[in-house]
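Tertiary structure, described
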Amino acid sequence: MAQAQVGQTVTATVGLESANAPNCGLRVRWGDGAVTERKINDPKEMPFVTTHTYAKAGTAIPDKKPVCPGELSYCENSKKGMFGCKP
C-alpha cells in the first residue's frame, strides 16, 4: 500500500493496453472523497498522469477490484500501491 504524508502531493499514472479504443472513461477515487475523472479519446493521451494532495491523515485503498474484460486478468502490487488488468 502506498503511503503519503499530509500535504504531500501524490501521483497516479494510468496506462492502458487498449489505448487505441476511443472514449475510454477513467475515474481515480483518492479515498478521501476526491475524484479525478478523464475521458481518453486518443492513444497519445496515455499514460494518463494526475496528482492529488491529502488534507488529513488516513488510509486510501481501492473500494473494489476492477472487472477485467475478455482474456485480461487482475494483477496487483501492494508494495507499490498498483492494481489493474493485464493480458
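Below, the structure is looked at part by part. (Residues numbered from 1 in each chain as written. Predicted model: local features only at pLDDT ≥ 70, side-chain atom pairs only at ≥ 80, totals over all residues. Heavy atoms only, no water.)

Focus on the nonpolar core
Under the convention used in this document: By nonpolar core we mean a set of buried residues, namely Ala, Val, Leu, Ile, Met, Phe, Trp, Tyr and Cys, connected to one another through side-chain atoms within 4.5 Å. For every residue, the accessible area obtained with a 1.4 Å probe (protein chains only) is divided by the maximum for its type, and the residue is called buried under 20%, exposed over 50%, and partly exposed between those limits. By definition, residues are in contact when any of their heavy atoms lie within 4.5 Å.
Formed by Val10, Ala12, Val28, Trp30 and Tyr54, the largest nonpolar core amounts to five residues. Aside from chain neighbours lying at most four places away, what touches alanine 12 is Trp30, Phe48, Val49 and Thr50.

Focus on unusual backbone geometry
In plain terms, the rule: Only runs of H or I of at least four residues qualify as helices and only runs of E of at least two qualify as strands under DSSP, and these elements are numbered from the N terminus.
Geometrically, the link from methionine 46 to proline 47 is a cis peptide bond, its omega value of -5 degrees lying close to zero. You can see proline 47 is positioned in the loop between strand 3 (35-40) and strand 4 (48-53).

Overview of the environment of leucine 72
Considering the arrangement of structural elements, one finds leucine 72 in the loop between strand 4 and strand 5 (73-77). Residue classification places leucine 72 among the partly exposed residues on the basis of a relative accessible area of 29%. Between the alpha carbons of leucine 72 and glycine 84 there is a distance of 9.5 Å; along the sequence they are twelve residues apart. Excluding its chain neighbours within four sequence positions, the residues that come into contact with leucine 72 are Cys85, Lys86 and Pro87.

A closer look at the pattern of salt bridges
Quick note on the threshold: Between Lys or Arg on one side and Asp or Glu on the other, a salt bridge is scored when a side-chain nitrogen of the former is within 4 Å of a carboxyl oxygen of the latter.
All told, the structure shown has two salt bridges when counted by the stated rule. Ionic pairing is found between arginine 27 and glutamate 37, a salt bridge with its closest N-O pair at 2.7 Å. One end of the pair, arginine 27, is in strand 2 (residues 24-29); the other, glutamate 37, is in strand 3, and ten residues separate them in sequence. Residue arginine 38 is joined to glutamate 45 by a salt bridge in which the shortest nitrogen-to-oxygen separation is 3.0 Å.

Points about the pairing of strand 4
Let me state the cut-off plainly: Think of it this way: DSSP has to see at least two bridges between two strands before they count as a pair.
Of the two faces of strand 4, the one lined by Phe48, Thr50 and His52 is fully buried and the one lined by Val49, Thr51 and Thr53 carries no buried residue. Pairing geometry for strand 1 (residues 9-14) and strand 4, over six bridges, is antiparallel. Bridge pairing in strand 4 places threonine 13 opposite valine 49.

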